[in-house]
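For reference, the chains in residue letters:
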Amino acid sequence: MKKQTQAVQTRFRRCDVYNAISMPLYHTVAYEFDTAESMPDAFCGRTDDPDYSRVLNPTVVYFEDKVRALTGAHDVIAFSSGMAAISNTLLALASAGKNVVTSRHLFGNSFSLLSSTLSRFGVEARLCDLTDPAAVEAAIDGDTCCLFLEIITNPQLEVADLSMLAESAHRKGVPLVADTTMIPFTEFSAHALGVDIEVVSSTKYISGGATSIGGLVIDYGTCEGFATRLRTEMLMTLGAYMTPHAAYMQTLGLETLDARYRIQSASALALARRLRTLPEVKKVNSIGLEDNPYYALSRRQFGQTAGAMFTIDLESREACFRFLNKLQLVRRATNLFDNKTLAIHPASTIFGPFTDEERRAMDIHETTVRLSVGIEDTDDIFDDIRQALCPAED
Ligand SMILES: *Cc1c(COP(=O)(O)O)cnc(C)c1O
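Worth saying up front: this structure is predicted, and the values here are computed from it rather than measured.

A. Region of the structure containing the overall build of the protein chain. Within the protein chain, the secondary structure is distributed over 13 helices and twelve strands. Over its C-alpha atoms the protein chain spans a radius of gyration of 22 Å, differing by no more than 12% from the 21 Å that the globule rule assigns to 394 residues. Expressed as lengths along the three principal axes of its C-alpha atoms, the size of the protein chain is roughly 80 × 55 × 35 Å. Per-residue burial over the protein chain gives 54% buried out of 394 residues. Summarising the internal contacts of the protein chain: among those between residues at least 6 apart in sequence, 73% fall at separations of at least 24. Element-wise, carbon and sulfur atoms account for 52% of the exposed surface of the protein chain, whose accessible area totals about 17300 Å². Charge centroids of the protein chain, computed over 37 positive and 50 negative side chains, lie 2 Å from each other.

B. Spatial organisation of helix H11 (residues 317-326). For H11, the complete set of buried residues consists of Ala319, Cys320, Phe323, Leu324 and Lys326. Taken down its axis, H11 places every buried residue within 165° of arc, on the same side. Elements that come into contact with the buried residues of H11 comprise strand E9 (309-313), strand E10 (331-332), strand E11 (342-344), strand E12 (368-372) and helix H13 (378-389).

C. Representation of the site of the ligand in the model. Close to the ligand lie Ser81, Gly82, Met83, Ile86, Phe107, Asp179, Thr181, Ser201, Thr203, Lys204, Gly214 and Leu336. Asp179 places a polar side-chain atom, nitrogen or oxygen, 2.6 Å from a nitrogen atom of the ligand. Taken by itself the ligand offers 380 Å² of open surface, and the protein chains cover 90% of this. Of the residues forming the shell around the ligand, the biggest block, three residues, is contributed by helix H4 (residues 82-93). Class assignment for the residues of the shell around the ligand results in four nonpolar, six polar and two charged.

D. Focus on unusual backbone geometry. Cis geometry is adopted by the peptide bond preceding Pro155, which originates at Asn154 and carries an omega value of 10°. The backbone of Ala210 sits at a positive phi, close to 60°, despite the residue not being glycine. Along the chain, Ala210 falls in the loop between strand E6 (197-201) and strand E7 (215-219). Judged by relative accessible area, which is 35%, Ala210 ranks as partly exposed. Not every positive phi belongs to a glycine, and Asn335 is a case in point at roughly 85°.

E. Structural view of the sheet that holds E12. Spatial ordering of the open sheet is given by E8-E9-E12-E11-E10, a layout of five strands whose pairing is mixed. In the strand order of this sheet, the two ends are held by strand E8 (283-285) and E10, each with one partner. As paired elements, E8 and E9 share three bridges and run antiparallel to each other. Residue pairing for E9: Val284 is matched across the bridge by Ile312. Relative to E12, H11 is tilted by about 30°, and along the sheet it contacts E9, E10, E11 and E12.

F. Layout of the nonpolar core. Formed by 120 residues in total, the largest nonpolar core has its most connected members in Phe148, Leu216, Phe310, Ile312 and Phe323. The leading source of residues in this core is helix H9 (residues 244-275), at nine residues. Apart from the residues within four sequence positions on either side, Phe310 is in contact with Leu157, Ala268, Leu271, Ala272, Leu275, Val284, Asn285, Ser286, Val369, Arg370, Leu371 and Val373.

G. Here's a closer look at helix H3 (residues 58-71). Taking 1.5 Å per residue as the helical rise, H3 with its 14 residues ought to reach 20 Å, and the 20 Å between its terminal C-alpha atoms agrees with that figure. Along H3, eleven of the 14 residues are buried, which leaves the element largely enclosed by surrounding structure. Of all the positions in H3, only Thr59, Val60, Val61, Tyr62, Phe63, Glu64, Asp65, Lys66, Val67, Leu70 and Thr71 are classed as buried. Residues of H3 that are buried in the fold lie against helix H1 (3-9), strand E1 (75-79), E7, helix H8 (226-238) and H9.

H. Quick look at the side chain of Asn57. By the element assignment, Asn57 lies in the loop between helix H2 (39-43) and H3. Under the relative-accessibility criterion, Asn57 is labelled buried at 0%.

I. Summary view of the packing of H3 against H9. The contact between H3 and H9 brings their axes to 8 Å, and the two run at 30°. Between H3 and H9 lies a crossing of left-handed hand. Contacts from Thr59, Val60, Tyr62, Phe63, Lys66, Val67 and Leu70 in H3 reach Pro244, Ala247, Tyr248, Gln250, Thr251, Leu254 and Glu255 in H9. The residue inventory of the contact of H3 with H9, partitioned by class, reads nine nonpolar, three polar and two charged.

J. A look at the pairing of strand E4 (residues 144-150). Across the seven residues of E4, seven count as buried, placing the element largely inside the fold. Pairing geometry for E4 and strand E5 (residues 176-179), over four bridges, is parallel. Note on E5: the bridge partner recorded for Glu150 is Asp179. Once you follow E4 into helix H7 (residues 162-171) and on to E5, the crossover reads as right-handed.

Cut-offs applied
Residues numbered from 1 in each chain as written. Predicted model: local features only at pLDDT ≥ 70, side-chain atom pairs only at ≥ 80, totals over all residues. Heavy atoms only, no water. Helix = DSSP H or I, 4+ residues; strand = E, 2+ residues; numbered from the N terminus. Rg over C-alpha atoms; globule rule 2.2 N^0.38 Å. Buried < 20%, exposed > 50% of the residue type's maximum accessible area, 1.4 Å probe, protein only. Contact = heavy atoms within 4.5 Å. Areas by Shrake-Rupley, 256 points an atom, 1.4 Å probe, with all protein chains shown as cover. Lys, Arg positive; Asp, Glu negative; His and termini not counted. Charge placed at Lys NZ, Arg CZ, Asp CG, Glu CD. Arc of directions from axis to C-beta. Near = heavy atom within 4 Å. Polar contact = N/O pair within 3.5 Å; in protein donor to acceptor, adjacent residues only side chain to side chain. Nonpolar A, V, L, I, M, F, W, Y, C, P; charged D, E, K, R; others polar. Pairing = 2+ DSSP bridges. Axes fitted to C-alpha atoms, helices over the stretch in contact; angles between N-to-C directions. Core = buried A, V, L, I, M, F, W, Y, C linked by side-chain atoms within 4.5 Å. Expected span 1.5 Å × (residues − 1). Left-handed = near helix turned anticlockwise from the far one by under 90°. Right-handed = clockwise from strand over helix to strand, strands pointing away.

Quick look at the structure:
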């Protein structure tokens, strides 16, 4: 089966008593057992009978099964948010005295998780330039528990050379953990490029147009006992499993992912090309443009498409705010890959809590506006952006 068929047609593990075509939403906490004798196997993880919805729920399992079918993963575990997927993964891999080799170019909350939260528990964040393989290899030592990176950083749009970095990590016996939120897993195989564990904010592309918050850990079985630890330890002790309601919404989102992504990624590239022609736009950063330094690498790893996010640089911070205030169709909001086109000034919002010096080190600029392109008509999006950029009629 092709991925699009698979995304729609995954079968339930057990027949529904009413032959429902959509996976029913099991809004229940607990599950009754016929006999006392049948309970120990479920509670000790020897069967897949659900016992308590903090650790197993049929609606969530169906969503996980769909993702497993699409990625070929060994196991998939759904969490209550992208950050829950990331923090549970790192908590499962790390312990006091260990370090995580990573970069300054990270989603703001992931950076804070590593540099503030985990560091309080004795886990060191080793920041290095991931475009420099020698620096990465030098940073990895006997106490490194993983190499953690984002496949495309946001908003800098630096693309990680996954095969090269996987080779560096594996040579030193360290797993590669990649946040693949920026390109749907239906478009490329992270595992084929050497990724051991994939983490995804399913809030973004998968949720089906910003319906719900969620996260996924996709484990390829190369890291001994990892998925088992997540299921039998982290879900039990940290309690961040996805809710059945979110799983229901995201299952529907997954079914339309391919159709939405096709429109959004094509529209983003068309807009990036057209915005280049406007004099108010000083720079367009899109890895789908042929003259972008990451274009070839992106094509090699991710195929024909390059996602639905890009940035534009304007004259100044004031010009960015003027532009954002004049938008009528495009929404001033955070989030990525909503059905609606969104615009935000990252330096003053997502990266607002950091100091000027920290922002400089992260390559976050005052002149940058981030655009996430939705499924509206491309001409309508372009017209709104053009009128908002036009300086004359204030
Ligand atoms: C949004 C995002 C996250 C966090 O996901 P939530 O679902 O908001 O918790 C992590 N990584 C990346 C790259 C993101 O874009």
